[in-house]
Amino acid sequence: MVFLMHRLLMPKKVMVPNPERQWKREMYRRLQWFFRGRIRNCYKLGRRTIKKVLYKRTVARATIRKNINYLFSFRIAAGCAQHGVQYSSFMKSLYESNIALNRKMLAQLSTFEPRTFQGLCEFVKKQHTESLRQGLAAATKPTPSGVITRDMIEQVHK
């Protein structure tokens, strides 16, 4: 028994002589929809323009990324300046404390969550004062016997 009805209901496939060429043309059409004038409608003109645009985007990718990173750093530095913390010491303290927030998230916090960023700045200030105390405590300890320091040499020459 032959089922002809199923075959009649299926859409007919149109055979294209060169499917790769047709696919390439459709890809260029999809990319040139936002152009104006003949560049949008003419394949040959649009192809040249699309190649130029794709090349420029590839070259500019590194510059765009660098500008975005600069913007993130600038926003973090502005937030740190509001709370009286230096940018470099802020980032160093977060790294040493194993707080894994990247620059993008820190910039978002400094812009849209000022209280959270203020808490981070307070944490950094606390870490900084503790490290200063530890450094001063180590500096005020008496030197062990047999060790000659610069202060001892300078006192002898005076």
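Residues numbered from 1 in each chain as written. Predicted model: local features only at pLDDT ≥ 70, side-chain atom pairs only at ≥ 80, totals over all residues. Heavy atoms only, no water.

Caption draft 1: Quick peek at the environment of H83. For H83, the position within the fold is in the loop between α4 (43-82) and α5 (87-96). The contacts of H83, once residues within four sequence positions are left out, are P114, F117, Q118, C121 and K125. (Helix = DSSP H or I, 4+ residues; strand = E, 2+ residues; numbered from the N terminus. Contact = heavy atoms within 4.5 Å.)

Caption draft 2: Summary view of the packing of aromatic side chains. Counted by the stated rule, this structure contains five aromatic pairs. Arranged with centres 5.9 Å apart and planes meeting at 80°, the rings of Y28 and Y43 form a pair that is edge-to-face. You can see Y28 sitting in helix α2 (residues 19-31) and its partner Y43 sitting in helix α4, a full 15 residues away along the chain. Each member of the pair, Y28 as well as Y43, carries the same accessibility label: buried. Ring centres 5.9 Å apart and planes at 80° place the aromatic pair W33 and F34 in the edge-to-face group. Each member of the aromatic cluster is reached from another via a ring pair, and the members are W33, F34 and F35. Positioned over the ring face of Y43 is R25, at 4.0 Å from the centre of the ring. (Phe/Tyr/Trp six-rings, centres within 6.5 Å; stacked < 30°, edge-to-face > 60°. Buried < 20%, exposed > 50% of the residue type's maximum accessible area, 1.4 Å probe, protein only. Lys NZ or Arg CZ within 6 Å of the ring centre and 35° of its normal.)

Caption draft 3: A look at a nonpolar patch on the surface. Taken together, the side chains of I148, M152 and I153 present a nonpolar region at the surface, about 290 Å² in accessible area. Within the secondary structure layout, M152 lies in helix α8 (residues 150-157). (Patch = residues over 30% accessible without salt bridge, like charges linked within 9 Å, V, L, I, M, F, W, Y side chains within 5 Å. Areas by Shrake-Rupley, 256 points an atom, 1.4 Å probe, with all protein chains shown as cover. Salt bridge = Lys/Arg side-chain N within 4 Å of Asp/Glu carboxyl O.)

Caption draft 4: How the structure looks around the pattern of salt bridges. Under the criterion given, the structure shown has one salt bridge. Note that K125 is salt-bridged to E122, the shortest N-O span being 3.9 Å. Of this pair, K125 and E122 both sit in helix α7 (residues 114-140), three residues apart, roughly one helical turn.

Caption draft 5: Local environment of the side chain of S110. The residue S110 is located in helix α6 (residues 103-112) in this model. At a separation of 3.4 Å, a polar atom in the side chain of S110 contacts the main-chain carbonyl oxygen of R75. A distance of 2.9 Å separates the side chain of S110 from the backbone oxygen of A107, its partner in a polar contact. Setting aside residues no more than four positions away along its own chain, S110 makes contact with R75, I76, G79 and F117. (Polar contact = N/O pair within 3.5 Å; in protein donor to acceptor, adjacent residues only side chain to side chain.)

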